[in-house]
Amino acid sequence: MEKEMIQVSSPTSGASSAEAEASVLRQALKFHFARNSVYEYSYTTDTAIFFLNTPDAASRLTITGTAHIYVSTPCDFVLKLYDVVTLESDPVDQGHMRKSNRSRDFGVDLEREPLRFSFQDGRIHDICPVENENTWALNIKRGFLSAFQNSMKNLSFDENVEEPKSISPWTSIQECKQTIDSVGRLYSITCRGEHHFRPMRGDLHGAATVTSQEILFLRQSTRLETHPPFSKRLSLQYDSVEQDRQDKNSVMEKIGQILQNLCEHSKNGFRQDTPHVFWDLVACMRRLDAPLLKSLYETASSSSRCSDKTYIK
């Protein structure tokens with residue numbers, strides 16, 4: 001007989017820890033994470049961007065590290081990242097991955113702050129960052145937790161869930177597979193997402209982004225930890241990075257330079273390092289807000305930056 005799930009108070013709600021814990025214990029729990037224990041996982045996420053007609057010339061970014069999940073109470077967990085390394089594809093040799101020039105800086109930002117989150121028997125309703133957590137670093141941690149959560153009501157049966165989305169000219173699909181061991185721990189997680197952009201129906205000259213995540217349980221240990229207080233409660237939905245006007249203007253100027261570079265690249269057909277330039281374009285565009293993206297689109301639509309002999313319009 002299936003028992004009704006009882007909603008548990010999140011770490012930032014008014015309920016006390018004892019009340020929240022008692023509420024959790026009244027449930028028919030799917031997962032079993034021991035209090036005052038640390039669960040260590042290896043973590044790898046990879047993102048590849050490429051043109052659809054040249055998938056072998058993808059530009060890739062890979063982040064590896066170790067994730068510690070500390071269980072303070074049955075509904076109050078803490079995520080902390082360690083040993084983070086950032087790799088990127090070599091623009092000259094696409095098959096070779098090299099350490100990013102800013103790998104150490106990225107690692108410091110990702111490892112600096114712990115992230116508390118409410119874990120309600122698989123569901124993650126809230127995250128509770130410290131006051132000065134970098135937005136982009138918080139988004140990386142959101143990606144980890146999105147793969148870590150599980151909303152299945154019954155683990156006795158396999159369940160395949162795919163989330164296809166199609167909004168012309170975009171097509172996206174996301175799928176994950178989780179393995180849970182005999183004691184109720186998340187043992188392994190693999191996720192893959194694909195996002196295709198085709199400006200024209202049937203066009204083979206669009207672009208695609210393929211992302212993958214792999215999380216693997218390493219070991220469990222017992223210890224008592226203390227963590228800094230949090231000041232706000234957020235959802236798993238990604239936040240845009242706030243920037244001042246001067247920074248945004250410099251990004252717009254850089255986008256103009258990148259577009260000009262793409263024009264040069266496409267004069268005699270795309271070169272091997274063209275996807276790397278396209279990666280830079282996507283990275284810059286992700287830093288713009290909606291009004292600036294609209295302005296960029298209108299500018300690109302009303303003028304031709306490239307000559308008639310190029311493939312980019």
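These numbers were taken from a predicted model, which means no experiment stands behind them.

Definitions and limits used
- In this numbering scheme, every chain counts its residues from 1 along its sequence in written order.
- Owing to the predicted nature of the model, reporting of local features is limited to residues with pLDDT of at least 70; listing and counting of side-chain atom pairs is limited to 80 or more, with chain, interface and lining totals taken over all residues.
- Only hydrogens and water are set aside when side-chain values are computed; all heavy atoms of the structure are taken into account.
- To qualify as a helix, a DSSP run of H or I must reach at least 4 residues; to qualify as a strand, a run of E must reach at least 2; elements of each kind are numbered from the N terminus.
- In this analysis, two residues are considered to be in contact whenever any of their non-hydrogen atoms come within 4.5 Å of each other.
- Residue burial considers only the protein chains on display, and all accessible areas are found by Shrake-Rupley using a 1.4 Å probe.
- All axes are obtained by fitting lines to C-alpha atoms, using only the stretch in contact for helices, and the reported angles, taken between N-to-C directions, cover 0 to 180 degrees.
- Orientation labels follow simple angle bins: below 35 degrees gives roughly parallel, above 145 gives roughly antiparallel, 65 to 115 gives roughly perpendicular, and whatever is left gives oblique.
- The nonpolar class holds Ala, Val, Leu, Ile, Met, Phe, Trp, Tyr, Cys and Pro. Asp, Glu, Lys and Arg form the charged class, and all remaining residues, Gly among them, are polar.
- The disulfide criterion is simple: two cysteine sulfur atoms within 2.5 Å.
- For a helix, the expected span equals 1.5 Å multiplied by the number of residues minus one.
- Three labels apply to residues, based on accessible area from a 1.4 Å probe with only protein chains included: buried if under 20% of the type maximum, exposed if over 50%, partly exposed otherwise in between.
- Confidence scores labelled pLDDT are given residue by residue by the predictor and lie between 0 and 100.
- By this definition, two strands are paired if DSSP reports at least two bridges between them.
- N or O atoms closer than or at 3.5 Å make up a polar contact, with two conditions inside protein: a donor-capable atom paired with an acceptor-capable one, and, for residues adjacent in sequence, both atoms drawn from side chains.
- Salt bridges, as used here, are contacts in which a Lys or Arg side-chain nitrogen is within 4 Å of a carboxyl oxygen on Asp or Glu.

### Focus: the overall build of the protein
Counting secondary structure elements, the protein contains six helices and ten strands. Sequence separation of at least 24 residues holds for 66% of the intrachain contacts in the protein that already meet a minimum separation of 6. Within the structure as shown, the protein displays about 18100 Å² of accessible surface, and the carbon and sulfur contribution to it stands at 50%.

### Here we look at the packing of helix α2 (residues 103-112) against helix α3 (residues 135-148)
In contact at an axis separation of 9 Å, α2 and α3 are set at 70° when each is read in the N-to-C sense. For the element pair α2 / α3, the angle class is roughly perpendicular. Contacts between α2 and α3 involve F106, D109 and L110 from the first element and W136, A137, I140 and K141 from the second. For the contact of α2 with α3, the per-class residue count stands at five nonpolar, no polar and two charged.

### Focus on the state of the cysteines
In this structure the tally under the stated criterion is one disulfide. Across a sulfur-sulfur distance of 2.0 Å, C176 and C191 are joined as a disulfide pair. Linking C176 and C191, the disulfide has an S-S dihedral of approximately 115° and is accordingly described as right-handed. Separated by 15 residues along the polypeptide, C176 in strand β8 (residues 170-180) and C191 in strand β9 (residues 186-197) bring together distant segments of the chain.

### Here we look at α3
With 14 residues, α3 should cover 20 Å at 1.5 Å per step; its first-to-last C-alpha distance of 20 Å lies within 8% of that length. With respect to burial, α3 is a largely interior element, ten of its 14 residues being buried. When α3 is considered as a whole, its buried residues turn out to be A137, L138, N139, K141, R142, G143, F144, L145, A147 and F148.

### Side note on the confidence of the model for the protein
Note that predicted coordinates carrying low pLDDT should not be read in detail. Mean pLDDT for the protein: 77, with 70% of residues reaching 70 or above. Summarising per-element confidence for the protein, the mean pLDDT is lowest in helix α1 (residues 17-25) (49) and highest in strand β3 (residues 76-89) (94). When the criterion is pLDDT under 50, residues 1-17 qualifies, and its contacts beyond four places in sequence or with other chains add up to 38 contacts. Low confidence marks residues 308-313, where pLDDT is under 50. Its contacts with residues over four positions away, or in another chain, come to 15 contacts.

### Observations regarding the pairing of β9
Looking at chain direction, β8 and β9 are connected through eleven bridges and run antiparallel. Among the inter-strand pairings, E175 is bridged to a residue of β9, identified as R192. What sits between the antiparallel neighbours β8 and β9 is a turn of five residues, in which G184 has the positive phi angle 90°. Of the strand pairs in this sheet, β9 and strand β10 (residues 207-222) are connected by ten bridges, and their pairing is antiparallel. Residue pairing for β10: R192 is matched across the bridge by S212.

### Examining the pairing of strand β5 (residues 115-120)
Across the six residues of β5, six count as buried, placing the element largely inside the fold. Alternating positions in β5 separate into two faces, L115, F117 and F119 on one and R116, S118 and Q120 on the other, with burial throughout. Direction of pairing for β3 relative to β5: antiparallel, over a ladder of four bridges. When the sheet's bridge partners are listed, L79 is paired in β5 with L115.

### A closer look at the side chain of T45
Mapped onto the secondary structure, T45 falls in strand β1 (residues 37-51). A distance of 3.3 Å separates a polar side-chain atom of T45 from the backbone oxygen of S212.

### Overview of unusual backbone geometry
Leaving glycine aside, a negative phi is the common case for residues, and trans is the common case for peptide bonds. Unlike most non-glycine residues, N36 shows phi in positive territory, near 60°. Secondary-structure assignment places N36 in the loop between α1 and β1. With relative accessibility at 26%, the residue N36 sits in the partly exposed group. The residue D121 is not glycine, and still its phi comes out positive at about 50°.

### Overview of the pattern of salt bridges
Scanning all chains against the criterion turns up twelve salt bridges. The partner of D46 in a salt bridge is R60, with the nearest N and O atoms 2.9 Å apart. Of this pair, D46 sits in strand β1 while R60 is found in strand β2 (residues 59-73), placing the two residues 14 residues apart along the sequence. The buried category is assigned to D46, whose relative accessible area is 12%. On the accessibility criterion, R60 (33% relative accessible area) is partly exposed.

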